[in-house]
Amino acid sequence: MWNSDAPRPVLADSTAAEAFMRLALREAQKSAAEGEVPVGAVVVRNGEVVAVGRNRREKEKNALAHAEIEAIDRACKALGGWRLWECELFVTLEPCPMCAGAIVNARLQRVTYGARDPKNGAVGSVFSMFSLPLTHKPEAVGGVLEKECAEALTSFFKELRENRIQNSESREQKQDR
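Residues numbered from 1 in each chain as written. Predicted model: local features only at pLDDT ≥ 70, side-chain atom pairs only at ≥ 80, totals over all residues. Heavy atoms only, no water.

Asker: Requested: an account of the overall build of the protein chain, with residues and values cited.
Answerer: Regarding its fold elements, the protein chain presents five helices and five strands. Element order for the protein chain, N to C, with α for helix and β for strand: α-β-β-α-α-β-α-β-β-α. Evaluated residue by residue, the protein chain yields a buried proportion of 44% over its 177 residues. For the protein chain, restricting intrachain contacts to residue pairs at least 6 apart in sequence, the fraction spanning at least 24 positions comes to 59%. Accessible surface for the protein chain amounts to roughly 10,000 Å². Of this, 50% is attributable to carbon and sulfur atoms. (Helix = DSSP H or I, 4+ residues; strand = E, 2+ residues; numbered from the N terminus. Buried < 20%, exposed > 50% of the residue type's maximum accessible area, 1.4 Å probe, protein only. Contact = heavy atoms within 4.5 Å. Areas by Shrake-Rupley, 256 points an atom, 1.4 Å probe, with all protein chains shown as cover.)

If you want it as structure tokens, here you go:
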């Protein structure tokens, strides 16, 4: 359920938004192929991709290795500064509190996300970081390619559960021998 205190979604050019979200989905697919939760992010300035990122928490053994953080870090390096006020972020999953804070601190103009995160979403699902009295309030757009973004996550976790069940059954069979 959308938090009434959260900023209302802003309509973006749907064709461009969908194209950039598809790039973020490609990054999410790379994460899934590496055994990571499939979340991808793209930073765009003036219609051009500046940086991409994807989840790498398991590989890096680092709680900070979220797709948004990686994309923001790479964009800052590519553009030579921490203020990304001319940029927007496209991400397949609604940002968590840490990533929403990074979006505010990087002064991103807008964040566009695909699937809502009812457990950790900090851009409207659980609460809205962007409605707090902070130095910067990015625009928020939710639900762009929501079905595809949610399906990537659902499929990943379904496969993970099935693999755990198969591994558990395999161990039980070996123990029975």
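Asker: Explain helix α4 (residues 97-105) to me, using residue names and the numbers behind them.
Answerer: Considered for burial, the residues of α4 that qualify are C99, A100, G101, A102, I103 and V104. Those residues of α4 hidden inside the fold are in contact with α3 (67-79), β3 (87-93) and β4 (110-115). R107 sits one or two positions beyond α4 and adopts a positive phi of about 65°.

Asker: Could you give an account of the packing of aromatic side chains, naming the residues involved and the relevant values?
Answerer: In this structure the tally under the stated criterion is two aromatic pairs. Ring geometry for F20 versus F90: centroids 5.2 Å apart, planes at 40°, classification tilted. With a gap of 70 residues between them, F20 in helix α1 (residues 14-33) and F90 in strand β3 connect regions that are remote in the sequence. The interplanar angle of 80° and the centroid separation of 5.2 Å between the aromatic rings of F156 and F157 together place this pair among those described as edge-to-face. Classification of F156 as buried rests on a relative accessible area of 12%. (Phe/Tyr/Trp six-rings, centres within 6.5 Å; stacked < 30°, edge-to-face > 60°.)

Asker: Break down the sheet that holds strand β1 (residues 40-45) for me, citing the residues and quoting the values.
Answerer: Read across the sheet, five strands follow the order β2-β1-β3-β4-β5 without closing on themselves; strand pairing throughout is mixed. At either end of the open sheet lies a strand with only one pairing partner, and these are β2 (48-54) and β5 (139-142). Strand-to-strand twist in this sheet, taken as the mean axis angle between neighbours without regard to direction, amounts to 15°. With six bridges connecting them, β1 and β2 associate as antiparallel partners. Counted as the bridge partner of R45 is E48 from β2. (Pairing = 2+ DSSP bridges. Axes fitted to C-alpha atoms, helices over the stretch in contact; angles between N-to-C directions.)

Asker: Account for the layout of surface pockets, naming residues and giving values.
Answerer: Where empty space is left in the structure can be found by rolling a water-sized probe over the atoms. Roughly 540 Å³ of volume is contained in the largest pocket. Taken together, 21 residues make up the lining of the largest pocket; nearest its centre are V37, L93, D117, N120 and L153. Taken together, the residues of the lining of the largest pocket sort by class into 11 nonpolar, four polar and six charged. (1 Å grid on protein atoms, 1.4 Å probe; cavity = no way out; pocket = protein on both sides within 12 Å on 5 of 7 lines; lining within 4 Å. Points joined across faces, edges and corners; volume = space filled by probe spheres on them. Nonpolar A, V, L, I, M, F, W, Y, C, P; charged D, E, K, R; others polar.)

Asker: Give me the lowdown on the side chain of N55, citing residues and values where you can.
Answerer: For N55, the position within the fold is in the loop between β2 and α2 (57-60). Of the polar contacts made by the side chain of N55, one reaches the backbone nitrogen of A67; its length is 3.0 Å. (Polar contact = N/O pair within 3.5 Å; in protein donor to acceptor, adjacent residues only side chain to side chain.)

Asker: So what's going on with α3? Which residues, and what values?
Answerer: For α3, with 13 residues, the first-to-last C-alpha span of 18 Å sits near the 18 Å given by 1.5 Å per residue. A67, E68, E70, A71, I72, A75 and C76 are the residues of α3 that are buried. Against the buried residues of α3 lie β1, β2, β3 and α4. Once α3 finishes, G80 follows within two positions and takes phi at roughly 75°, a positive value. (Expected span 1.5 Å × (residues − 1).)

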